[in-house]
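Observations on chain architecture
The primary structure of each chain is shown beneath.
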Amino acid sequence: MAGVRYTQIESPVGPLLLAGDEAGLRQIRFAQGKQPARVEASWTKDRAFFSSLIGQLRAYFAGELERFDHPLAPAGTPFQLKVWKELCAIPYGETVSYGELARRIGNANASRAVGLANGSNPIPIVIPCHRVIGSNGRLTGYGGGLAIKEKLLALERGQRRLL
């Protein structure tokens, strides 16, 4: 990714690395998790570039923002992009199963592929992959860990004290 800018911020779910370019936000990475935050040598530190997004993230964590409107530019396959777009349609505070998400994108038999695409989401929180749960109602994998997924869902249920 050429021309990428980045910054790191503190959040109630731990440090976050934000990376993007003129096309939009490309990544949010947790300090811990499946893909720990790592700054690429070619990236340029630029906190001011992310000022709007940082404000939106703060409002989200304060329980004052339900939908982000920052430009997004995730890199993925056409199928992943379709899944990520559908993730953004899951209302704040609600959850759906992988099977339901597969039905919503028009392929009821693709729940495993949907799970893989969900797990590959490069922009967690903003693209709310934390809103997808198992068909039995249990929390399943999350790039930042299940504890963070649980905190994000609690926040969206109005339980900010858990953050």
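A short tour of the structure in this document, coming up.

**Quick notes on the overall build of the chain**
Secondary structure assignment for the chain yields 5 helices and 6 strands. Overall, the chain shows an N-to-C arrangement of helices and strands of β-β-β-β-α-α-β-α-α-β-α. At a minimum sequence separation of 6, the contacts of the chain that also span at least 24 residues come to 58%. Carbon and sulfur atoms form 48% of the exposed surface of the chain, whose accessible area is close to 8,400 Å².

**Structural notes on the pairing of strand β1 (residues 5–9)**
Where β1 meets strand β2 (residues 16–21), 5 bridges bridge the pair, whose relative direction is antiparallel. Bridged to Y6 within β2 is A19. With antiparallel pairing between neighbouring strands as the criterion, β1 and β2 make up a hairpin whose turn holds 6 residues, including G14 at a positive phi of roughly 105°. Bridging between β1 and strand β4 (residues 44–45) involves 2 bridges; their strand directions are parallel. Bridge pairing in β4 links R5 to T44.

**So, helix α2 (residues 78–87)**
Along α2, the positions that sit buried rather than exposed are Q80, V83, W84 and L87. The buried residues of α2 all sit within an arc of 95° when viewed along its axis, so they share a single face. Turned more than 90 degrees off the buried face of α2, the exposed positions are P78 and K85. In this fold, the buried residues of α2 make contact with α3 (98–104), α4 (111–119) and β6 (132–133).

**Concerning the sheet that holds strand β3 (residues 24–30)**
On the basis of which strands lie adjacent, the open sheet formed by 4 strands has the order β3-β2-β1-β4 and mixed pairing. The strands lining the two open edges of the sheet, one partner per strand, are β3 and β4. Running over the sheet, helix α1 (residues 51–61) touches β1, β2 and β3 and is turned about 140° from β2.

**Examining the packing of aromatic side chains**
Taken as a whole and assessed by the stated rule, the structure comprises 6 aromatic pairs. Here the aromatic rings of Y6 and W43 are separated by 6.2 Å at their centres, their planes lie at 45°, and the arrangement is tilted. Residue Y6 is found in strand β1, and its partner W43 is found in the loop between β3 and β4; the two are separated by 37 residues along the sequence. Across this residue pair, the class does not change: Y6 and W43 are buried. On the basis of an interplanar angle of 90° and a centroid distance of 6.3 Å, the ring pair of Y60 and Y92 is categorised as edge-to-face. Placement of the pair is Y60 in helix α1 and Y92 in the loop between α2 and β5 (96–97), with a sequence separation of 32 residues. Residue Y92 is classed as buried on the basis of its relative accessible area of 17%. Ring-pair connections join several aromatic residues into one group, and the members of that group are Y60, F61, F68 and Y92.

The rules behind each value
Residues numbered from 1 in each chain as written. Predicted model: local features only at pLDDT ≥ 70, side-chain atom pairs only at ≥ 80, totals over all residues. Heavy atoms only, no water. Helix = DSSP H or I, 4+ residues; strand = E, 2+ residues; numbered from the N terminus. Contact = heavy atoms within 4.5 Å. Areas by Shrake-Rupley, 256 points an atom, 1.4 Å probe, with all protein chains shown as cover. Pairing = 2+ DSSP bridges. Buried < 20%, exposed > 50% of the residue type's maximum accessible area, 1.4 Å probe, protein only. Arc of directions from axis to C-beta. Axes fitted to C-alpha atoms, helices over the stretch in contact; angles between N-to-C directions. Phe/Tyr/Trp six-rings, centres within 6.5 Å; stacked < 30°, edge-to-face > 60°.

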